[in-house]
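# Observations on the model geometry
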Amino acid sequence: MRIGESMKKKVVHLVYSMGCGGLEKVIVNLINGSYDEVEHIIISLTPEFEMTAGIIPDIQIFCLDKKPGKDIGCHFRLYKLLKQISPDAINTYNFGTIEYHVTAYLAGVKTRVHSDHGHGGDAQDGLNKKNNFIRKISSYFIDDYVVVSQDLMDWVTQVVKVKPGRRHLIQNGVEVPKQLFEVKGSGSGIKTISTVGRLDPVKNQALLLKAFKRVLDNYPSVRLKIVGDGSEKEKLTKLAQELSMTSTVDFLGYREDVKEQLVSSDVFVLSSHYEAMPMTILEAMAVGVPVVTTDVGGIRHFIDERYAYFVTANSEEELSKSMCEALFRNKKTEDMIMNSYNLVKRQYSIEAMISRYIDIYLS
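The notes below deal with the structure included here. As the structure is a computational prediction, the values presented were derived from the model and not from experiment.

### Remarks on the pattern of salt bridges
Pairing is possible between side chains that carry opposite charge, provided their charged atoms lie close to one another. Counting across every chain of the model gives 16 salt bridges. Here E275 ties to K203 by a salt bridge, and the two come within 2.7 Å at their closest N and O atoms. Remark: K203 occurs in the loop between β8 (192-196) and α7 (205-218) and E275 occurs in the loop between β11 (267-270) and α10 (279-286); sequence separation between them is 72 residues. Owing to a relative accessible area of 14%, K203 belongs among the buried residues under this scheme. We note a salt bridge from D304 to R306, for which the minimum N-O separation is 2.8 Å. What makes R306 partly exposed here is its relative accessible area of 49%. A network of salt bridges, in which partner residues are shared, links D295, R300 and E305.

### A look at the environment of F251
Counting through the fold element by element, F251 comes out in strand β10 (residues 249-253). Judged by its relative accessible area of 23%, F251 is partly exposed. As for F251 and T237, which are separated by 14 residues in sequence, their C-alpha atoms are 7.9 Å apart. In this view, F251 contacts L209, I226, L236, T237 and A240; residues no more than four positions away in its chain are not counted.

### Things to note about helix α13 (residues 350-362)
Under the 1.5 Å per step criterion, the end-to-end length of α13 is 18 Å for 13 residues, consistent within 8% with the ideal 18 Å. Those residues of α13 that fall on the buried side of the exposure criterion are I350, M353, I354, Y357, I358, I360 and Y361. Each buried residue of α13 sits inside an arc of 155° when the element is viewed along its axis, so together they form one side.

### Regarding the pairing of β11
Of the two faces of β11, the one carrying V267 and V269 and the one carrying F268 and L270 are both buried. By the bridge criterion, two bridges tie β8 to β11 in an arrangement that is parallel. Residue I193 lies in a different strand from β11, and its bridge partner there is V267. Looking at chain direction, β11 and strand β12 (residues 291-294) are connected through three bridges and run parallel. Among the inter-strand pairings, V269 is bridged to a residue of β12, identified as V292. Handedness of the crossover is the feature at issue here: the chain leaves β11, passes through α10, returns alongside β12, and the resulting connection is right-handed.

### Focus: the state of the cysteines
Summed over all chains, the structure comprises zero disulfides. No disulfide involves C63; its sulfur sits 8.5 Å from that of C74, the nearest cysteine.

Rules behind the numbers
- Residues numbered from 1 in each chain as written.
- Predicted model: local features only at pLDDT ≥ 70, side-chain atom pairs only at ≥ 80, totals over all residues.
- Heavy atoms only, no water.
- Salt bridge = Lys/Arg side-chain N within 4 Å of Asp/Glu carboxyl O.
- Helix = DSSP H or I, 4+ residues; strand = E, 2+ residues; numbered from the N terminus.
- Buried < 20%, exposed > 50% of the residue type's maximum accessible area, 1.4 Å probe, protein only.
- Contact = heavy atoms within 4.5 Å.
- Expected span 1.5 Å × (residues − 1).
- Arc of directions from axis to C-beta.
- Pairing = 2+ DSSP bridges.
- Right-handed = clockwise from strand over helix to strand, strands pointing away.
- Disulfide = S-S within 2.5 Å.

The values reported here are purely geometric and, on their own, carry no functional implication.
Here is the structure:
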């Protein structure tokens, strides 16, 4: 039975931004899949809203216009807004918003949820003492602490010291087609390698560009699509120029048609320094595109060599070699594609993820 409009609980999603990124895509999926049960409201600290274009229901969206660095006034603005909205629950995301749980507590928000999709702003090991002190203090005001991967669960257990009854592992979910798309053949013509993600140092797209240069030396008809935007765009564009690859690398910026970009690719690549549980890997697996990824963070906690090509972080040689192998279909790659699709369909659907979050909001 669907909850009537007047009975819906209000849930505020407090984010640093709603710009292009995997975390923001999770929020969009969560809202689109549960607006019959919950009234969703977005509050962003900064005026970046590209991903909100994908939200189906007509929801309230606010911006606190946080100033760079410490902005005490932002806490006051949030307090006033929360008192005005009077939500039943608040869900913050990653380190940039965790400190606002004190404000939410003072504003009388009864259910306070925090979701970590990575170490967020830390060194890759998540051992920044100052940041972890803030996390520990904030965790006293958090009712439910959600992480998306087992390595993050180990981290919040052993380092952040979140109490057992408050910890939840909710892995990201993606839309899964009812049947696998027709797998691309290895015939003639231009082949395409793609990556999707914000242009940020942690994503290490510079490594991908250098490895792709090696691929071009052997297969000059291959193209590279880089989907996403961010602070590293100018540096990466300049690097592509220095490597004489401007005619074979497409910087597509933010796109709403990520699924279509993946379907039209022959290989999907992540070259990151760190990932918790990247949505983009699941999205590629769901549409039958073989995955090449650096062996970092929590990726190996949900897939292994049966599902993807793993390479050592920062290794141009290994990355280029695996991209070449994945480009031209063999039995190993075909098995990976089928294994990956079946895994995502079985364990990582959007519906399973949404159900877990709604249980928390409504409890």
